[in-house]
Amino acid sequence: MGSERGDEYKRPCSLGEGTGSKEPDYSAAPQWATASRLVPTHQADFLGFSYGFRPKRSQHDALDALAFGITQRRVNWIVDSDLQSFFDSVSHEWLIKFLEHRIGDERVLRLIHKWLKAGVMEQGELTVSEQGTPQGAVASPLLANAYLHYVFDLWAEQWRRRHAQGELIIVRFADDSAPRRREGVFMI
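The rules behind these values
Residues numbered from 1 in each chain as written. Predicted model: local features only at pLDDT ≥ 70, side-chain atom pairs only at ≥ 80, totals over all residues. Heavy atoms only, no water. Core = buried A, V, L, I, M, F, W, Y, C linked by side-chain atoms within 4.5 Å. Buried < 20%, exposed > 50% of the residue type's maximum accessible area, 1.4 Å probe, protein only. Helix = DSSP H or I, 4+ residues; strand = E, 2+ residues; numbered from the N terminus. Contact = heavy atoms within 4.5 Å. Phe/Tyr/Trp six-rings, centres within 6.5 Å; stacked < 30°, edge-to-face > 60°. Lys NZ or Arg CZ within 6 Å of the ring centre and 35° of its normal. Polar contact = N/O pair within 3.5 Å; in protein donor to acceptor, adjacent residues only side chain to side chain.

S.K.: Please provide a residue-by-residue account of the nonpolar core, values included.
M.R.: Among the nonpolar cores identified, the biggest contains 29 residues, and Leu95, Leu99, Ile112 and Leu143 are the most heavily contacted of them. The set of elements that each furnish at least two residues to this core consists of α1 (28-43), α4 (92-100), α5 (106-117) and α6 (140-163). Beyond its immediate chain neighbours, meaning those up to four positions away, Leu99 contacts His42, Leu109, Ile112, Leu143 and Ala146.

So this is what it looks like as structure tokens:
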């Protein structure tokens, strides 16, 4: 039975706009299934100031936390940082090492490694990279958050406990952060 629009609107999900490929993207369903099983495991580890691509922690929540910190606290410094080309520069080697801390199943790790190495098809040419998370892939937000948890969040939390003087509030949304420092100088 066809749709009201007609059968001409039915087409498989392609690998990307403008690639010229008519092959369906069969990687989305396994990525979604794997990511949905891993999210609860990793959510327990993620720190409270991490907001990007997490359940019930939207960009609005991050902005609310930032607004609260600015309006309700005495703030001397606001540092806004953006990790340039973050999603393109994630180290596959380190990401897998970080994931090994929470994922004990070698089959899942091999599957994620295959997704990272799959490459991108642009105008009929396959480009494989040794770094970066797959652009637009279902699992990319989870992989990015896991990477940033070890690379930025744990470092920032440790720095806050050991070296910060006065109150320090950090808000991170994906690869953007706005550490706010009270009393003195704050440097990243």
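S.K.: Which residues make up the packing of aromatic side chains, and what values do they have?
M.R.: According to the stated counting rule, one finds 8 aromatic pairs in the structure shown. With a centroid separation of 5.9 Å and 45° between ring planes, the pair formed by Phe53 and Phe173 is classed as tilted. With Phe53 in the loop between α1 and α2 (59-72) and Phe173 in strand β6 (residues 172-173), this residue pair connects regions lying 120 residues apart in the sequence. When the centroid spacing of 6.1 Å and the interplanar angle of 50° are considered together, the rings of Phe152 and Trp155 count as tilted. In this pair, Phe152 and Trp155 are both assigned in helix α6, 3 residues apart and thus about one turn of the helix distant. Judged by its relative accessible area of 10%, Phe152 falls in the buried class. Members of the aromatic cluster, joined through ring pairs, are Phe53, Phe86, Phe87, Trp94, Phe98, Tyr147, Tyr150 and Phe173. When the ring centre of Tyr51 is taken as origin, the NZ or CZ atom of Arg57, which lies over that ring, is 4.2 Å away. The residue whose ring lies beneath Lys97 is Trp94, and the NZ or CZ to ring-centre distance is 4.4 Å.

S.K.: Would you mind going over unusual backbone geometry in detail, with residue names and values included?
M.R.: Even without being glycine, Lys56 reaches a positive phi, approximately 60°. Structurally, Lys56 can be placed in the loop between α1 and α2.

S.K.: Talk me through the environment of Gln72; I want residue IDs and the actual numbers.
M.R.: Topologically, Gln72 is positioned in helix α2. Within the structure, the side chain of Gln72 is placed 3.4 Å from the side chain of Thr71, a separation counted as a polar contact.

S.K.: Describe the environment of Val108, and please don't skip the residues or the numbers.
M.R.: By the secondary structure assignment, Val108 is in helix α5. Once the C-alpha coordinates of Val108 and Thr34 are considered, the two residues, 74 residues apart in sequence, prove to be 7.8 Å apart. Beyond its immediate stretch of four places on either side in the chain, Val108 contacts Thr34, Leu38 and Ile103.

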